[in-house]
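# What the coordinates show
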Amino acid sequence: MRRDIVDTSLAIQAEGLTKRYGNTLAVDGLNLDIPTGQFFGLLGPNGSGKTSTIHMLSTLIRPSQGTARVAGHDVKHAGLQVRAAIGVVFQESALDRTLSVAENLRFAGLLHNLPIAQINERSSELLELFGLKEKRHQPVSELSGGQRRALDIARGVIHRPQILFLDEPTIGLDVPNRRNIWRFIERLRTELNVTVFLTTHYLEEAVDCDKVAFIKQGRIVKIGPPHDLIDSLGAYIIEIEGENLSALIASLSPRLGPCFMDGDKACFRFTGKDIASLVMLQAELGDKVTGMRWRRPNLNDVFLWVNETELWQTRKT
């Protein structure tokens, strides 16, 4: 598809998107086509380029190379239009701690030229939803971490953006607060068809994405619907523990394929469906291992597979 033609069915288009900081290549030729209304996850280890990607797409930093359109607007030449169409929740809070809860929301609404009556109406709705109604006149400095995070999200969506960027939105929150936030995000998607672009370290949160992309050293190395990626690993993940893992891996790799590490466990993909063969392998290994088990794969295994197999092969050689 020609990138000079705007595809209105796409919320985000990027081709060859690149960011350099001096000699450091943070994002390397990223290509993205994210349809309107999609829940998209960008996953990868620290330093892989996730936040730099969001910063370029939200016009906070200028790409070194490549092109990108967000809500149909060029991020290099139509920054105001892009910013009017998006909401952003950063890793670091954007709240003014000297202002009250209500004042923070009013300030955010005024930045987007919302009428005061509309700001008040939406503020009341958001504060009710996040259990902050009784805190509306309190300074942000007096809120708990979970309450501040909820207010950050309320601030990012008060103008009802077409596209919502969430950069580690629930980091450091307890399970109840994380659930409250995701219920609200799901409501935004269902009722307003908001496109959500997520980065997260909690991979279980990304399982519900329509599509996820794994980024490594600034390049996308795996992309697809989460359950398809999980299924591609095989029927089971075999976990093996032992005192001499290097020798165990060397002996098992010819039969089971490459290994990836999860802490002190050596993990192998099992693509067959015959559990009897796993029972036989367990008996064969006997006291050569201190533990062996198998389980269904999950998205964390995809993450480890993408990021650890090459490292392990490098260590072997």
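The structure this text deals with has already been given above.
Quick summary incoming for the structure in this document. (Residues numbered from 1 in each chain as written. Predicted model: local features only at pLDDT ≥ 70, side-chain atom pairs only at ≥ 80, totals over all residues. Heavy atoms only, no water.)

As a further point, take the nonpolar core. Among the nonpolar cores identified, the biggest contains 49 residues, and Leu151, Ile185 and Phe214 are the most heavily contacted of them. Core analysis: the next-biggest nonpolar cluster, separate from the first, contains 27 residues, Ala11, Ala71, Ile86 and Ile215 among them. (Core = buried A, V, L, I, M, F, W, Y, C linked by side-chain atoms within 4.5 Å. Buried < 20%, exposed > 50% of the residue type's maximum accessible area, 1.4 Å probe, protein only.)

Now for the packing of aromatic side chains. Any two aromatic rings considered together are summarised by their centre-to-centre distance and by the angle between their planes. Under the defined criterion, the tally for this structure stands at seven aromatic pairs. On the numbers, 5.4 Å between centres and 50° between planes, the contact of Phe165 with Phe197 is tilted. Separated by 32 residues along the polypeptide, Phe165 in strand β7 (residues 163-167) and Phe197 in strand β8 (residues 195-199) bring together distant segments of the chain. In this structure Phe197 comes out as buried when scored by relative accessible area, which is 0%. Ring geometry for Phe214 and Phe303: centres 6.3 Å apart, planes at 50°, overall tilted. Here Phe303 lies in helix α11 (residues 299-316) and Phe214 lies in strand β9 (residues 211-216), a separation of 89 residues in the sequence. One aromatic cluster is present, built from ring pairs that chain together Phe40, Phe165 and Phe197. A cation sits over an aromatic face here: Arg178 above Tyr202, 3.8 Å from the ring centre. Positioned above the aromatic ring of Trp305, the side-chain terminus of Arg269 is 4.5 Å from the ring centre. (Phe/Tyr/Trp six-rings, centres within 6.5 Å; stacked < 30°, edge-to-face > 60°. Helix = DSSP H or I, 4+ residues; strand = E, 2+ residues; numbered from the N terminus. Lys NZ or Arg CZ within 6 Å of the ring centre and 35° of its normal.)

This part takes up the side chain of Glu168. As for its position among the elements, Glu168 is in the loop between β7 and α6 (175-192). In contact with Glu168, not counting residues within four places along its chain, are Lys50, Gln91, Arg149, Thr199, Thr200 and His201. (Contact = heavy atoms within 4.5 Å.)

Our focus in this paragraph is the sheet that holds β9. Overall, mixed pairing links the six strands, which are arranged β6-β7-β8-β3-β9-β10 in an open sheet. Edge strands, defined here as strands with exactly one partner in the open sheet, are β6 (86-89) and β10 (219-224). Neighbour-to-neighbour, the strand axes of this sheet turn through a mean angle of 15°, independent of strand direction. In this sheet, β8 lies alongside strand β3 (residues 39-43) in parallel orientation, the contact comprising three bridges. Considered in β8, the bridge of Phe39 is made with Val196. Of the strands in this sheet, β6 and β7 are in contact with helix α5 (residues 145-157), which crosses β6 at around 165°. (Pairing = 2+ DSSP bridges. Axes fitted to C-alpha atoms, helices over the stretch in contact; angles between N-to-C directions.)

This part is about the sheet that holds strand β11 (residues 236-241). The strand order across the open sheet built from four strands is β12-β13-β11-β14, with neighbouring strands paired in antiparallel fashion. Looking at the sheet topology across the chains shown, the edges are occupied by β12 (259-262) and β14 (291-295). With strand direction ignored, the average angle separating the axes of adjacent strands in the sheet is 30°. Sheet topology places β12 next to strand β13 (residues 265-270); four bridges connect them, and they run antiparallel.

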